[in-house]
Amino acid sequence: MERKLVCISCPLGCRLSVNWEDEGNITVEGNRCAKGESYAREEILAPKRVVTATVAVAASAAPTTAVAGRAGAGRTATQVRTVAPNPRRLPVKTNAPLLKEHISELLNTLYRMEVKPPLRCGDVLLKDIAGTGVDLVAARSLKGR
Amino acid sequence: MREKRTDAVVIGGGSAGLAAASRIAAAGYSVTVLERENELGGILNQCIHNGFGLQRFKEDLSGPEYAERFIDSVGKQDNVEVLLETTALEVSPGAVHTVYGYSRQGGVSRIDARAIVLAMGCRERNRGNIGIPGTRPSGVFTAGLAQRLINIDGYIPGRRAVILGSGDIGLIMARRCTWVGMEVLAVIEIQSYPSGLTRNIVQCLNDFGIPLYLSHTVSAIHGKDRVSGVTVTPLEEDRSMGAKSFDLDCDTILLSVGLIPDNELSRKFGVRLNPETGGAFVDAGLMSSIPGVFACGNVLHVHDLVDYVSEESERCASFVIQYLKGEYHRQHHPVTAGANVKYVIPNKYLPDTTNRFYLRSLIVKNKAELVVTLDGEPMKRKKLSHVQPSEMVSFSLDAVSPRTSEPGEKRLEVSIV
Amino acid sequence: MKNEVYDVAIVGAGVVGAAIARKLSSYACSTVVLEKEWDVSFGVSKTNSGIVHGGFHYPTSLLKGRLEVAGTIMFDRLQQELHFPFQRCGILVVAFTVEEMKTVERMYRQGVENRIIGLELCNRERIHTLEPKLNADVVGGLHAPSGGVIEPYRFVFSLIESARKNGVELQTRFKVIKAQDEDDYFVIHAEDGRRLQARYLINAAGLYADEVSAACEAERFHITPRKGQEFLLDRNAAGLPGKVIFPVPASNSKGILVIPTPEGTCMVGPTAVEQEDKEDLSTTRDNFERIFHSARRLIPKISERDIITAFAGLRPALEGGDFYIAVSEKQPRLIQVAGIQSPGLTAAPAIAEHVKDLLKIAGLVLTERADYDPLIPEVPRIRRLSPYEADTLLQKEPAYGEIVCRCESVSEAEIVAAIRRGHTTMDSIKFYTRAQMGRCQGGFCSYKIMKILQRETGMSIEEITKRGGKSRLITDRVGDLTVQTPTPPAQDQSGQESGK
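Computed from a prediction, not measured in an experiment: that's the story for all the values here.

1. Details of the overall build of chain B
(1) Moving on: When you go through chain B residue by residue, the secondary structure sums to eight helices and 27 strands.
(2) Moving on: In terms of overall dimensions, chain B is globule-like: its C-alpha atoms have a radius of gyration of 22 Å, near the 22 Å expected for 417 residues.
(3) Moving on: Taken along its principal axes, the extent of the C-alpha atoms in chain B is 65 × 60 × 40 Å.
(4) Moving on: Burial status across chain B gives 58% buried among its 417 residues.

Given below as structure tokens:
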């Protein structure tokens, strides 16, 4: 059997030609590096994708839109904001490509989650998604308690 | 009024501003960064997808991760002052420049600095710019605004979307919308080829069976209060084939039809702008027509890769440092866009040193060649396996030594053949 | 819903209804304005070209001529009291031929007859000095220095604000479907079931004046929507003129104009095409070339590249070509104010005076109020202040420092001022503050405005609309929709996928 693919491992997008008779016998042509070959195999046998999404940050930790008050007339020593508050949504990603068939379920699960600070970029939020060994990790840090 | 003196003011705390500020501060100069949002990072904060940093860090990072590297770096530098929720509304150029930053908490801050770095990024081309006829219902969003609403605020702008424009932003949003449960009916592209990366066609369209209509346009928007549908019309040899139009029922339209450098402020205080790029005219040191005012990143010209933005901004910073040291010389020679090149940045080169250029092709071609001539004589060639207008090309030119004793403008011209 | 009987109910909160409301607010009478949209100025007045005319187009034998001449001189005082953007920049009617100059001379004589001050017949040299960007082929024209430009929705907003300050009530989303005459008063029914009573009724319902008249069982007439498409050009457009430029008029329309605005942008248009559908505000490409061709004939530097946006409005055309302002013959306590096309905005203050007089004729006793306050507070606009002035303001009101709309330099305080005056749709806020009107057309400020709206009004994000009704922006929150990724069959990828 034959299929034409485009490798998505990097922006180059090598055009690949894949031939196989059975699972053990896959040949790949057109790749400019080893990533292309492994991508092609996986794409035929068990397609996977890195998933990126966002997860809700607990309301107490998120910023409000409060206006800084001023005590009476005249300027107080209020400073311009120099420290960013925590975001309302935390970007997250799988730390490796995940089997496509598990993606919708992962998304539906993580949209029901809520996270709280402190969190470091890379902290694991969901371990071993659907038994695949792939984790969901934070893609930025959350400061505070 | 808060008054402050500093060596350099950086207007914009996104990828360009952060890289420039960090480099200038590392050389020992004081820097103030003005950022209108409540956090640094700029547009990277909403780009939660991967693909950033492959060149610079050899890692596949998301936008926020890439931004965090620079934010942390600036955070450690004591001589960088960051003013968040502060908008630069006025600039008074002079021997020393004055920037007025407005913020709720600090009032108006007057900042005097010898150098200014413009790093305001870009804005999106919108419905008004491209003139889509029809009604004016709600539900028409630029792709970047939709991305912001979904990724930062957690709001979904609609349920059934049609995306106009196959640039990377449109493609990424096709996937993002699908991944929050929206139905994406189609991506419509006016050119005969997609403008985004092929990997994005695969992972954002093919993966979900979203059709891509090349050589088509949205010829009308329908709906009284909210979008109810669009009419899609094919183009054949640039002519609109009305009879072959078809309608798509949707409640949302995302427009990914181009980015424009955001030079509102620059124009206001007299910086000369290049109509080809939408950004400032700059010399080899990325200095604008106003001495001491520099520009880098998307406000100078729209980039595809943030890695190049960081590189360009750091390069710009090194020239700012030269300027602050009093060593900046303006003995520059002209660079022009030749055959098949839309623009080259910068528009000047410095003799006897390495110069780096960024350009965009006008044509789509495989196995193309970049040719650089000096006063008509070819002096560099570079093979390009594939060029297209939506992929920026960059190259370096080692010390060009124009023989000054000979007549001629010593003009460099960059062409694609 | 009050049980009281209002003295006057005004149907329609466009420029005419608003002007009448404000006029009546200076008298001791209870007035309510009924507007079917979610905010005032959302009908015909929303897309008005924003010209305060020079008073030379029509003879005073026509009602609209008399009211235009009377109205145009009332704007300076109104601006002092209400602070809407308005400038008497001057109007030029330009001629390309000797024949056209004859028409111009007729207009000049008409203007002189109408006692318009300052009118000038210009020769070639004079007219090019007045406006250097004119086509070199222009041979002369008419200069009306008293003509000007105005922001129509700001005018309407300020009239309503002043009226409300003096006790006039406003009910929005009130679509009149029936008005029953009960001898002494009308019982007015809204589509949503609301009802109220008023002794006198003023039909200022614009495009729907015919339907309101039918609902009152009064005169039968037909309003034909007449569409006008316009383009808005950038502030930096090379073709921006200093005065309003008119060509010599054609038989049924004033032609394609080039209109500077008080905020420094420029409008090109409008077209004039009749249609049947009162709700069809769609723009088309057909007009595009024609409009720009005509505009460039006047000012060669006008370019499509400067377009920020396009929109269309509908004029309420009535047979006969004049305003229909009269006490109804069928319903003696109904005042008809219909068919108000150009010069409706210019005439509006005078229409209000005239309607007040008709009310008296119809039997309403009007006594001036001692406590009438013609002034409304002026809301500072940060873009008009120098940094030093701004700093002083910010010390008292820090929200002026939070810049929400970068393109038009609009602060949070101005957005809040709009919301607190009842402007709670995205379009209303746009018209009051200019946020979302600039180059990025809301790309950067929309989400900020939505946050402020939520905070100030308690609206949920799904309730925020562009202009009311079903025009919401956000439909769901992330997590509300179930993600179901379709799995298309495995197929070849080439990166050049094409649909049907």
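Resuming the write-up.
2. Focus on the packing of helix α1 (residues 15-26) of chain B against helix α2 (residues 63-75) of chain B
All names here are of chain B.
(1) Moving on: For the pair α1 and α2, interaxial distance at closest approach is 10 Å and the crossing angle is 35 degrees. Every pair of crossing elements has a handedness; the one defined by α1 and α2 is left-handed. Facing Ser-15, Leu-18, Ala-19, Ala-21 and Ser-22 of α1, the residues of α2 in contact are Ala-67, Phe-70, Ile-71, Ser-73 and Val-74.
(2) Moving on: Looking at the contact of α1 with α2 residue by residue, the classes come out as seven nonpolar, three polar and no charged.

3. Some remarks on the interface of chain B and chain C
(1) Moving on: Taken together, the contacts link 62 residues of chain B with 59 residues of chain C.
(2) Moving on: The element that contributes the greatest number of residues to the side of chain B that touches chain C is helix α4 (residues 143-153) of chain B, accounting for six residues.
(3) Moving on: Residue composition of the side of chain B that touches chain C, grouped by class: 26 nonpolar, 20 polar and 16 charged.
(4) Moving on: With two bridges joining them, strand β9 (residues 155-156) of chain B and strand β23 (residues 476-477) of chain C adopt antiparallel strand pairing. The residue of β23(C) that forms the bridge with Tyr155(B) is Arg477(C).

4. Observations regarding the domain arrangement of chain A
(1) Moving on: Taken domain by domain, chain A comprises domain 1 (2-45) and domain 2 (47-62 + 86-145).
(2) Moving on: Taken over C-alpha atoms, the centre of domain 1 of chain A sits 29 Å from the centre of domain 2 of chain A.

5. Quick word on helix α10 (residues 387-396) of chain C
(1) Moving on: When α10(C) is considered as a whole, its buried residues turn out to be Pro387(C), Ala390(C), Asp391(C) and Leu394(C). Along the axis of α10(C), the buried positions cluster into a sector of 105 degrees, meaning they face one direction only. Turned more than 90 degrees off the buried face of α10(C), the exposed positions are Tyr388(C) and Lys396(C).
(2) Moving on: The inward-facing, buried residues of α10(C) abut β4 (86-92), β5 (97-103) and β6 (107-118) of chain B.

6. Concerning the sheet that holds strand β23 (residues 355-361) of chain B
All names here are of chain B.
(1) Moving on: Spatially, β21-β23-β26 is the arrangement adopted by the three strands of the open sheet, whose pairing is antiparallel. Only two strands of the sheet have a single partner each, and these edge strands are β21 (341-345) and β26 (393-397). Each adjacent strand pair in this sheet contributes to an overall mean axis angle of 25 degrees, direction not counted.
(2) Moving on: Pairing between β21 and β23: four bridges, direction antiparallel.

7. Observations regarding unusual backbone geometry
Residues and elements named next belong to chain C.
(1) Moving on: Cis geometry is adopted by the peptide bond preceding Pro-270, which originates at Gly-269 and carries an omega value of -10 degrees.
(2) Moving on: Along the chain, Pro-270 falls in the loop between β16 (266-269) and β17 (273-274).
(3) Moving on: For the peptide bond that leads from Ser-342 to Pro-343, omega is 5 degrees, which places it in the cis range.
(4) Moving on: Although it is not a glycine, Ser-409 adopts a positive phi angle of roughly 55 degrees.
(5) Moving on: Take Ser-409: it is sitting in the loop between β21 (403-405) and β22 (410-411).

8. Re helix α9 (residues 344-361) of chain C
All names here are of chain C.
(1) Moving on: At Ala-350, α9 is bent by approximately 40 degrees, the largest bend along its length.
(2) Moving on: Where α9 is concerned, the buried positions are Gly-344, Leu-345, Thr-346, Ala-347, Ala-348, Pro-349, Ile-351, Ala-352, His-354, Val-355 and Leu-359.
(3) Moving on: Directly after α9, the chain includes Gly-363, whose backbone phi takes a positive value near 115 degrees.

9. Notes on the nonpolar core
Residues and elements named next belong to chain B.
(1) Moving on: Val-117, Phe-294 and Val-320 are the most contacted members of the largest nonpolar core, which has 315 residues in total.
(2) Moving on: Among the elements that make up this core, the one with the highest residue count is helix α8 (residues 306-325) (nine residues).
(3) Moving on: When neighbours within four sequence positions are excluded, Phe-294 is seen to be in contact with Ala-115, Ile-116, Val-117, Leu-118, Leu-286, Met-287, Ser-288, Cys-316, Phe-319 and Val-320.

10. So, the packing of helix α1 (residues 15-24) of chain C against α9(C)
Residues and elements named next belong to chain C.
(1) Moving on: Taken N-terminus to C-terminus, the directions of α1 and α9 make an angle of 40 degrees; their axes are 8 Å apart at the nearest point. Classified by the interaxial angle, the pair formed by α1 and α9 is oblique. For α1 against α9, the interelement crossing comes out right-handed. Note on element contacts: α9 touches α1 through Gly-344, Leu-345, Ala-348, Pro-349, Ile-351, Ala-352, Glu-353, Val-355 and Lys-356, opposite Val-15, Val-16, Ala-19, Ile-20, Arg-22, Lys-23 and Leu-24.
(2) Moving on: Residue classes in the contact of α1 with α9 are distributed as 11 nonpolar, one polar and four charged.

About the criteria used
- Residues numbered from 1 in each chain as written.
- Chains lettered and ligands numbered in written order.
- Predicted model: local features only at pLDDT ≥ 70, side-chain atom pairs only at ≥ 80, totals over all residues.
- Helix = DSSP H or I, 4+ residues; strand = E, 2+ residues; numbered from the N terminus.
- Rg over C-alpha atoms; globule rule 2.2 N^0.38 Å.
- Buried ≥ 20, exposed ≤ 12 C-beta atoms within 10 Å, placed from the backbone.
- Axes fitted to C-alpha atoms, helices over the stretch in contact; angles between N-to-C directions.
- Left-handed = near helix turned anticlockwise from the far one by under 90°.
- Contact = placed C-beta atoms within 7 Å.
- Nonpolar A, V, L, I, M, F, W, Y, C, P; charged D, E, K, R; others polar.
- Pairing = 2+ DSSP bridges.
- Domains from an automatic or database assignment.
- Arc of directions from axis to C-beta.
- Bend = angle between axes of the 7 residues up to and from the residue.
- Core = buried A, V, L, I, M, F, W, Y, C linked by C-beta atoms within 7 Å.
- Parallel < 35°, antiparallel > 145°, perpendicular 65-115°, else oblique.

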